[in-house]
Amino acid sequence: MARPSEALVAELAEFVSIPSVSADAAHARDIEAAAQWIAARIREGGGAAELVPWGTRPLVIGEIPASEHPDGAPTILTYAHFDVQPPDPLDLWESPPFELTRRDGKLFARGVADDKGNMFALVESARQLAEEGALPVNVRFAFDGEEEVGGDSIVDWLEQDDGRADAALILDGAMASREQPIFYVGVRGMLYFHLRVRTGITDMHSGMFGAAALNATHALMSALANVVPRADGYVPAELRAGATPPSQEELAAWAQLPPGAEQLSHYGATPIALGAGDDFYLRTFADTSLDVNGIAGGSPDLVKTVLPVEARANVSIRLAPGQDPDTIRAVFERLVRESLPEGAELEITLKNSARPALTPTDAPAIQLAGDAFEQVVGARPLLVRTGGTLPIYAGLVARGLPTLATGFGIESECNVHAPNENVPEEAIDLGVATLREVLTRLGALGR
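To start, this report covers the structure provided alongside it. (Residues numbered from 1 in each chain as written. Predicted model: local features only at pLDDT ≥ 70, side-chain atom pairs only at ≥ 80, totals over all residues. Heavy atoms only, no water.)

### Let's talk about the sheet that holds strand β12 (residues 289–297)
- A sheet is described by the order of its strands in space; here four strands give the open sequence β12-β14-β10-β15, paired in antiparallel fashion. Looking at strand neighbours, the two that pair on one side only are β12 and β15 (345–354), the edges of this open sheet. Averaged over all adjacent pairs, the angle separating strand axes in this sheet is 15°, with direction ignored.
- In this structure, β12 lies alongside strand β14 (residues 310–319), joined through eight bridges in antiparallel fashion. (Pairing = 2+ DSSP bridges. Helix = DSSP H or I, 4+ residues; strand = E, 2+ residues; numbered from the N terminus. Axes fitted to C-alpha atoms, helices over the stretch in contact; angles between N-to-C directions.)

### Notes on helix α4 (residues 153–160)
- Of the positions making up α4, those classed as buried are S153, I154, V155, W157 and L158.
- Contacts made by the buried residues of α4 are with β2 (59–64), β3 (75–81), β6 (138–144) and α12 (391–398). (Buried < 20%, exposed > 50% of the residue type's maximum accessible area, 1.4 Å probe, protein only. Contact = heavy atoms within 4.5 Å.)

### Brief notes about the sheet that holds strand β4 (residues 101–103)
- Pairing is antiparallel in the open sheet, where three strands are placed in the order β4-β5-β20. The sheet terminates laterally at β4 and β20 (422–424), the two strands that pair on one side only. If you compare each strand with its neighbour and ignore which way they point, the axes differ by 30° on average.
- Relative to β20, strand β5 (residues 106–108) runs antiparallel, the two being bridged by three bridges. By the bridge assignment, L107 is partnered in β20 with V423.

### Observations concerning the layout of surface pockets
- Approximately 370 Å³ is the volume attributed to the second largest pocket.
- Every residue lining the second largest pocket is counted, 20 residues in all, and those nearest its centre are V155, E159, R355, P391 and G395.
- Listed by contribution, the elements that provide at least two residues to the lining of the second largest pocket are α4, α10 (325–338), β15 and α12.
- In terms of residues, the lining of the second largest pocket owes the most to one element, α12, which gives five residues.
- Residue composition of the lining of the second largest pocket, grouped by class: nine nonpolar, four polar and seven charged. (1 Å grid on protein atoms, 1.4 Å probe; cavity = no way out; pocket = protein on both sides within 12 Å on 5 of 7 lines; lining within 4 Å. Points joined across faces, edges and corners; volume = space filled by probe spheres on them. Nonpolar A, V, L, I, M, F, W, Y, C, P; charged D, E, K, R; others polar.)

### Digging into the nonpolar core
- Grouped together as the largest cluster of nonpolar side chains are 100 residues, with contacts concentrated most on F82, F141, F143, L257 and V384.
- Not counting residues up to four positions away in its chain, the partners in contact with L257 are A176, I182, Y281, F285, L382 and V384.
- The next biggest cluster of nonpolar side chains, apart from the first, holds 27 residues, and it includes A223, L239, I317 and L340. (Core = buried A, V, L, I, M, F, W, Y, C linked by side-chain atoms within 4.5 Å.)

Everything listed here is a matter of coordinates, which is why it stays silent on function.
Now the structure itself:
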């Protein structure tokens, strides 16, 4: 039975209070505690759930069966993640990050938008329908606690899973506005590299060796100059090869999203090039991007006139749908090495790789879910890609499952991965009501 909003918010507050930060090994027990918490919720709804050891962090694998004839009912394979980003910098939070706080019509906490709020609404909707004897589908849950660190354990599990699935639903997304839902039907892939350059045995006095000995930081900068975005904001053409251009239907949907210039302005961002705001969605949904996420060499904070002989950098590439990770990896490594000064030693380590993917938008599951959102929210979801990377998405598409990703925070407002993460106060009620209708309508699959 549907429960009062206050009860749901109180339960969500308990969930987000668990600091399940996957990037910090000190929170390993919190990751397990969050897994235990959501597994217990599934069991309380009449389902089965267990923590499955898989790599360094457990998965939560479970199912709530259809209320009648589960053997013949459609099966929906669902995914969300219970780990969260680190809350730093703490001094920018206006309330404690792991204490659910109401303020200005919103709920604030780390994970309330990404992704515990969405996960909570998913499990709660299935629980309610099951308790009412009105769940027409089998709902399988495959949750992980390492999405925020690019973990691939859930992808490995999916490759070995032989359980039934007729469609896939990912609750790891957001809405364009409080009135306009979104279905993500495409994701970008990822290549993440660690680069290390050495040019000598020991750091040297820059006065005695400057202009005579090779500086490792300079060598690294030279190598990266061959792959970073050009004056127009785009990376070299070789790194963009293979990208699938958007359809006219997609372009029409993107035109209904908030203007790109507003997206940049909201975060106080400086456009990478003239016109980047106008082309915002083309750049972030359907093109390749490369970012130097961190760089270190020498002594950037102290007055220390050394000539460094080691420099390091982390570099990520977001792959557009249609691109092949192995192909782009080879291009990246070749371009970097081509501009490395002679005598410098470069070590490149691939830390993470994920494929991009697109899913057919005319699949019955996509249409039925769209009908459900239209009924509850009042607007049909826009079918768009996302600039982010969901490692499991490509695996689900490769398995032949019609797959959509969605969520109930507001994309331009929820401060995902930033201080003061939030969702609208009504997001939990809206999420539960909408997902109840989605699961109900998906019962028509296979008829």
